[in-house]
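Structural features, examined
Listed below, chain by chain, are the residues.
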Amino acid sequence: MSQFTLPNLPYPYDALEPYIDKMTMEIHHTKHHQAYVNNLNNAIAGTELAGKSLEELIANASKVPIAVRNNGGGHWNHSFFWEIMKPQGGGQPTGELLDAIKGTFDSFENFQKAFHNAAMGRFGSGWAWLVVQNGKLLITSTPNQDNPLMDLAEVKGIPILGIDVWEHAYYLKYQNRRNEYIENWWNVVNWDRVLNHFLQAKGK
Ligand code: MN
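Report follows, based on the coordinates. On a predicted model such as this, the values are computed, not experimentally measured, just so you know. (Residues numbered from 1 in each chain as written. Predicted model: local features only at pLDDT ≥ 70, side-chain atom pairs only at ≥ 80, totals over all residues. Heavy atoms only, no water.)

A few points about a nonpolar patch on the surface
A cluster of nonpolar side chains, namely Met23, Ile27 and Leu172, defines an oily patch on the protein surface of about 280 Å² accessible area. Here Leu172 lies in helix H6 (residues 171–174). (Patch = residues over 30% accessible without salt bridge, like charges linked within 9 Å, V, L, I, M, F, W, Y side chains within 5 Å. Areas by Shrake-Rupley, 256 points an atom, 1.4 Å probe, with all protein chains shown as cover. Salt bridge = Lys/Arg side-chain N within 4 Å of Asp/Glu carboxyl O. Helix = DSSP H or I, 4+ residues; strand = E, 2+ residues; numbered from the N terminus.)

Printed below as a string of structure tokens:
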């Protein structure tokens, strides 16, 4: 039996239309995410890593085989990504998260600009993140399927928001226009979920 399995999407494939199209979501979930799951299972099968949690594999990314780092990261990142989006999302965060964003970035608009720049500035494939590090908010980005939970990450922290900027996340609808994809993506952010991540990361 395989240790890791593909989680169901919390909404239908067409639910994020028109911002993220149905075909992109379907291929992203059933092909790309499924491949990370399959390759991770294959990479740990019969090794001393079998039975370890995904969190433990990620936290030890510098010490595990590259296939475990890449596919474990891919599995974690996509499982996270599906959950911080929703249909009829967008707008602004509320409560303590909005206060923290304003306290750190002066305004929600400035935060969006800084996050957008991190996502645009990631050369090639990777992710941009909003993380909590020692109780403070920080924006960072990672290459490939790395993430800030990995021991080898340049900037470490607990992710509370993240955007996939691999071309497979937007190319069918936006082609080379990563810019437009990021702008439209704000309309599907699930801020309630991000707030929950924030409160958890702060230990509340
Ligand atoms: Mn992806």
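Focus: the environment of Met25
Residue placement: Met25 occurs in helix H1 (residues 22–44). A C-alpha to C-alpha distance of 9.3 Å links Met25 and Tyr170, two positions 145 residues apart in sequence. Excluding residues that lie within four positions of it along the chain, Met25 makes contacts with Leu9, Tyr11, Tyr13, Leu16, Ile20 and Trp82. (Contact = heavy atoms within 4.5 Å.)

Considerations on helix H4 (residues 95–105)
When we look at burial in H4, the residues that qualify are Leu97, Leu98, Ala100, Ile101 and Phe105. Projected down its long axis, H4 shows its buried positions confined to an angular sector of 160 degrees, all on one face. Projecting away from the buried face of H4 at angles above 90 degrees are the exposed residues Asp99 and Gly103. Downstream of H4 by one or two residues, Asp106 has phi in the positive range, about 80 degrees. (Buried < 20%, exposed > 50% of the residue type's maximum accessible area, 1.4 Å probe, protein only. Arc of directions from axis to C-beta.)

A few points about the side chain of Asn41
By secondary structure assignment, the location of Asn41 is in helix H1. Given a relative accessible area of 8%, Asn41 falls into the buried group. In this structure the side chain of Asn41 is engaged in a polar contact, spanning 2.8 Å, whose partner is the backbone oxygen of Phe4. Discounting chain neighbours no more than four positions away, the residues touching Asn41 are Ser2, Gln3 and Phe4. (Polar contact = N/O pair within 3.5 Å; in protein donor to acceptor, adjacent residues only side chain to side chain.)

Some remarks on unusual backbone geometry
A cis amide bond links Glu17 with the next residue in sequence, Pro18, at an omega value of 0 degrees. Secondary-structure assignment places Pro18 in the segment before H1. Backbone geometry places Gln175, a non-glycine residue, at a positive phi of 50 degrees. Locating Gln175 in the fold gives a position in the loop between H6 and helix H7 (178–185).

Side note on the sheet that holds strand E2 (residues 136–143)
Taken in spatial order, the three strands make up an open sheet running E2-E1-E3, and their pairing is antiparallel. The strands lining the two open edges of the sheet, one partner per strand, are E2 and strand E3 (158–164). On average, adjacent strands in this sheet sit at an angle of 20 degrees to one another, irrespective of strand direction. Sitting on the sheet, H4 touches strand E1 (126–133), E2 and E3, and the angle it makes with E2 is about 80 degrees. (Pairing = 2+ DSSP bridges. Axes fitted to C-alpha atoms, helices over the stretch in contact; angles between N-to-C directions.)

Focus on the coordination of the manganese ion
Within the first shell, the manganese ion binds the protein through His28 (NE2), His78 (NE2), Asp164 (OD) and His168 (NE2), at distances of 2.0 to 2.1 Å. Each donor residue of the manganese ion belongs to the same chain, with the gaps between them written as H-x49-H-x85-D-x3-H. Linking His28 in helix H1 with His168 in the loop between E3 and H6, this pair joins segments that are 140 residues apart in sequence. Look at His28 and you get buried, because its relative accessible area is 2%. (Donors = N, O, S within 2.8 Å, 3.2 Å for Na, K, Ca; no water.)

Notes on the pairing of E1
Moving residue by residue along a regular strand, the side chains alternate between the two faces of the sheet. The buried fraction of E1 is high, at seven of eight residues. For E1 and E2, the ladder comprises eight bridges, and the chain directions are antiparallel. Note on E2: the bridge partner recorded for Gly126 is Pro143. In this antiparallel pair of consecutive strands, E1 and E2, the connection spans two residues, and Asn134 shows a positive phi of 50 degrees. The pairing of E1 with E3 spans six bridges and is classified as antiparallel. Note on E3: the bridge partner recorded for Val132 is Ile158.

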